Each structure stands twice: as structure tokens, then as C-alpha cells.
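Summary of the model geometry
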Amino acid sequence: MAEYKKIKSALISVFHKENLDVLINRLQALGIEIYSTGGTQSFIESLGVPVKPVEGLTGYPSILGGRVKTLHPGVFGGILARREHSGDIQQLAEYKIPEIDLVIVDLYPFEATLASGATSQEIIEKIDIGGISLIRAAAKNFRDVVIVPSQQEYLPLLEILERGEAGTTLEERKWFATKAFAVSSHYDAAIFSWFSQGEPGTERISLNNGQTLRYGENPHQAATFFKYQNTNSGINLSNAKVLQGKELSYNNMLDADAAWKSASDAWHSVTHLQDRQAVAVVKHLNPCGLAVAGNIMEALQLAWAGDPVSAFGGIICFTGTVDGEIATWFDKKFVEIIIAPEFTPEALEIFGKKKNLRLLVTPVRPEATKEKIIRSVSGGLLIQDEDDGGDTEFRNVTVALFDETKMNLARFGVMACKHLKSNAIALVTQNADGSFWLTGAGMGQPNRLDSLRQLTIPRFNLKPGLSMDDTVLVSDAFFPFRDSIEAAQEFGVRYIVEPGGSIRDQEVIDACNEFGMAMLFTGRRHFRH
């Protein structure tokens, strides 16, 4: 039978007062003596519940603008004293320090203050000192003390108190202590990340409140999604609102993120269209369709036409509002997820007939997020900066030149190619109305020549009415030999964009000049495993 340790006294000092009244009233009903500080003390008194000020234990008022209130042996002695240790109990008696059996505390809202855009001084003032010390002290002495470190633990404590005798088991106290160290470590990780500002070689990752996914990469694998606390931008897929549909799987999350990033980057890359809309169609992390046009329906139709076979069961992301006309267009088509900044009521009514279809709401991704990419390897983690943005400075390296129209298309093409898995080749085409779309994609091959020959060009040639005069071929890394140029020439390619940087750049440039092709160097590689 579990041995219960009775709670006879409690110290309460919290920033948030929501739902605290229920706990206070229950503690009073059980005859538990309450100590408190400042605003919490005033709140308890407003409930008509007797409360003793902490100053009675410390002999000092709150000083330094509230920075020092509870940091005193008169408080911490009563928390840290080991009840079975005769020396500790003797010293409590000698210095007239009462035992404290329950500590209820929460921390200053550091992360919320940081997210609000507050000044450095305002952020520093929300670094909790007394609260974090109380949490650690009570958790360390969990054999004798119950620690409630946040509002999330109010209900579990109330359920214990409702048993009637205000007693807790060692197992229960250890559970609360575990929660306490989770709170304190997460809090310190957030503060460290703010101070370090991404200093190389150091990283603190704290993951809480994981969301269980339907399954992992395969149905026999379990998977959990954690929201990464150090995301600098408030606009990210983890904040997307799910309006309908079945639970997301591991693969769904990855594909949704890829669709959102590729559509957003495409939208940012095209500036010549005043009312531009971008649409991405993603399958297995690769855009099989990507388009930017002057209206959302045209962008959707072009993106779907990029590879209608692969689009089946894909993930669709829009950068504009999805209305009833768009929703009706999907009537006979199967897709897994649709992402958009907004859905009209008419669209929601139509999509509501497809119960398994997931609808996610999130704004366009910012052009620069300063996020980190984290991947695991056996025994460790790899962390790198996000490949934010695209290329804005191009260099003509051939006799034949890109005109301004082709330069705009090249920028879009770099964004399209950036989101394909290496080795990546993208063909992008401009229509007469100024719209851009991905008309061919080769990716994931062990060499660049295979991506070009086997995947990109055959798909392009199946699309009627397209001309290489309106098309640019983009490579995510340099061509190491002229053989890729020769292969591209066989299919009529006239414009090529690549980063350059090979020891054989001149050989490649000479091949382009020989065939009358125009080539741009970007100087920036967008390799993606």
C-alpha cells in the first residue's frame, strides 16, 4: 500500500492567476497554511482566504523592484530540509523556519515576451530568478515536497486534493518533480538561445508537448511531431491551423512543409506580375508542379499540368485564398492535403464532403526565416542554416546573352530547382501572359546527366505547344563535364543556369558557345539531399 505524506503548508507565488482560485479554495478547505508574495498574496486575500506574507519568513520586504522576494534561508530552508534527517530538522527548529510541503509557482513569460518584439531590457526583466530557484529546490526534495511548476499541473494536483486528506505518494511527488525539471530545462534553453544568437558549436533543443502522428515513414514506425521552440519567425508550418481531415502522418508533415516552402519561394521570386499567385504540387518531397500566374486558377492549372500523373495523391499549396471555384475544380481529383492562407465558406462547404482531405491554413512563408535545419545521423545531429532566399545576382558567361525576360524566368527556375532533390534539373517556361511554370523536373539521380536525359527532357516534349525559346534549364550544381551540355543541345535547350565553380567551367562554357547557348552563373549552389 502506498505511503501518503500529508501537505500541511504551501508556498504560492505565480505570474498567471487563471484557475488558481479553485486550488486556493481547496487548500483552505483542507486546513493547509498558505504563504505567498506580492500580487499572488493580494489575489489570495481577495478570495477571503487567510495567507501569510513571505516577509514574515525572511524578515525583508520585496526589494530591487521585485527581483528579490523569496531568495532567503527562511524560505528555502523549509523547502530543502530533509524530514528524515535529524540535523536538518534541528536547524529548522533553531532558526524558527517552518516546513513547506507544497510549492506552487510559475515562471515569468520569457518566450512570450521575446515573441512580442519587446526590447532587450524588457526581455531581461522576464528572466525569472526566484521562481526557477523555488522549482529546482522543491523538485530536488521531492521525497518530502510537492512542486507544481506551471498551470498545466493544477488539475493533477486538484485531483489529488479531492481525495480528501491532502496526502501524496512518493510516486506522485516524483512525477511532479519530473514535470518541474522539464519546465526549468525548457526555460533555460529558451534563454540560452536568445543570448547565444545562433553561436556556432552550441545549441540547446527543448521539445515539449509532442503530437503523436498516425505513423512514421512506414505504418509499422511510430512517429511524433515536436514544435521546435527556437523558431525565430512566428509564421511556420507548426503554427498552421488544421480545419478538417484525418490525422497527419510523418510523410504528410514532410510533404506539407515542402509544398509550403516551394510555393512561398516561387511567389517571392516573381515580382513582374502585380497580382501574382503561386501554386505548388508536391509528391515525396519534390515539386512535380509549380507555377506563378496572374490569377489563382491559372496558377493551379499550370502547376497541375506540370506532371498530372504524379499530382495524384499529392500535396497542394496556394499563396492566395481558395474559393468555391477552386474547390469545385478538385471535385474528381484525389489529393491528400491543401494548404492556403484562407478558405472561403463556400470552399469549406465543398471540401467538407471529402472527410479525409486535410485543409491547413497558414500565411505565405517569409523570404528569410533564419531557421535551422536539423537532421539525425547514427549517434548525433546535423544542424545547418536554412537555405533562405534565392539568387539575385547573375553573371552571363557566354557570347549569347539572357535578356531581361529570361532573367526573371531564371530567378523563378532557381527557386523551382532549389526544392528538387539533388542531382536536380528544372525546366521552366514562360507563357505569353507572363506566367511561369515548371515544365520538367529531374531529381534524385546519382549523376546530373541521368537527371537531364532520363527525366526532364522526355516530360517536356510530351507537353504540346511548348518552345525551348521560352524555356530555361536550371541545374542546382555545376555541370562537371560538357556531356550534359551536349545532351541538352540534342533537345534544343538554348538557355542554361547553373552555379559554376567547377575546375572545368571553361570547358562547359566553350560547349555552350559552340552550340550558341546562353549561360548564366549564379555563384550559389542549392544542393538538397
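These numbers come from a predicted model, not from an experiment. (Residues numbered from 1 in each chain as written. Predicted model: local features only at pLDDT ≥ 70, side-chain atom pairs only at ≥ 80, totals over all residues. Heavy atoms only, no water.)

Here's the deal with the overall build of the protein chain
- Summing up its helical and strand segments, the protein chain has 19 helices and 23 strands in all.
- Relative to the globule expectation of 24 Å for 529 residues, the C-alpha radius of gyration of the protein chain, 31 Å, shows a markedly less compact shape.
- Each of the three principal axes of the protein chain carries a C-alpha extent, and together these read 95 × 55 × 45 Å.
- For the protein chain, the residues scored as buried account for 50% of the 529 residues in total. (Helix = DSSP H or I, 4+ residues; strand = E, 2+ residues; numbered from the N terminus. Rg over C-alpha atoms; globule rule 2.2 N^0.38 Å. Buried < 20%, exposed > 50% of the residue type's maximum accessible area, 1.4 Å probe, protein only.)

Structural notes on a nonpolar patch on the surface
- A cluster of nonpolar side chains, namely Ile205, Leu207, Phe226, Ile374, Leu381 and Ile383, defines an oily patch on the protein surface of about 480 Å² accessible area.
- With respect to the helices, strands and loops of the structure, Leu207 is situated in the loop between helix H10 (170–196) and strand E8 (211–212).
- Looking at Leu207, the relative accessible area reads 40%, which means it is partly exposed. (Patch = residues over 30% accessible without salt bridge, like charges linked within 9 Å, V, L, I, M, F, W, Y side chains within 5 Å. Areas by Shrake-Rupley, 256 points an atom, 1.4 Å probe, with all protein chains shown as cover. Salt bridge = Lys/Arg side-chain N within 4 Å of Asp/Glu carboxyl O.)

Regarding the packing of helix H8 (residues 130–140) against H10
- Following both chains from N to C, one finds H8 and H10 inclined at 145°, their axes separated by 9 Å at the closest point. Pair H8 / H10 crosses with left-handed handedness. Contact residues: Ile132, Ile135, Arg136, Ala139 and Lys140 in H8; Ala177, Ala180, Phe181, Val183, Ser184 and Tyr187 in H10.
- For the contact of H8 with H10, the per-class residue count stands at eight nonpolar, one polar and two charged. (Axes fitted to C-alpha atoms, helices over the stretch in contact; angles between N-to-C directions. Left-handed = near helix turned anticlockwise from the far one by under 90°. Contact = heavy atoms within 4.5 Å. Nonpolar A, V, L, I, M, F, W, Y, C, P; charged D, E, K, R; others polar.)

Quick word on the sheet that holds strand E5 (residues 102–105)
- Strand order in the open sheet formed by five strands is E4-E3-E2-E5-E6, and the pairing between neighbours is parallel. Because the sheet does not close on itself, it has two edges, and the strands there are strand E4 (52–53) and strand E6 (146–148).
- One ladder, built from four bridges, connects strand E2 (residues 9–13) with E5; its direction is parallel. Directly across from Ile12, in E5, lies its bridge partner Ile104. (Pairing = 2+ DSSP bridges.)

Topic: the pattern of salt bridges
- All told, the structure shown has 19 salt bridges when counted by the stated rule.
- When the shortest N-O distance is used, the salt bridge between Asp257 and Lys261 registers 3.0 Å. Separated by four residues within a single helix, Asp257 and Lys261 lie in helix H11 (residues 250–269), roughly one turn from each other.
- On the basis of relative accessibility, which here comes to 23%, the residue Asp257 falls in the partly exposed class.
- Judged by relative accessible area, which is 14%, Lys261 ranks as buried.
- In this structure, the salt-bridge partner of Glu386 is Arg365, at a minimum N-O distance of 3.1 Å. Here Glu386 is found in the loop between strand E17 (380–385) and strand E18 (395–396), whereas its partner Arg365 is found in the loop between strand E15 (358–361) and strand E16 (372–377), with 21 residues between them in sequence.
- Of the residues examined, Glu386 reaches a relative accessible area of 10% and is grouped as buried.

Some words on the pairing of E15
- For strand E10 (residues 241–244) and E15, the ladder comprises three bridges, and the chain directions are antiparallel. In the strand pairing of E15, Val242 is matched with Leu360.
- Here strand E14 (residues 337–340) pairs with E15 via four bridges, running parallel. By the bridge assignment, Ile338 is partnered in E15 with Leu359.
- A crossover links E14 with its parallel partner E15, the connecting element being helix H15 (residues 345–351), and its sense is right-handed. (Right-handed = clockwise from strand over helix to strand, strands pointing away.)

Coordinates in, geometry out; function isn't part of it.
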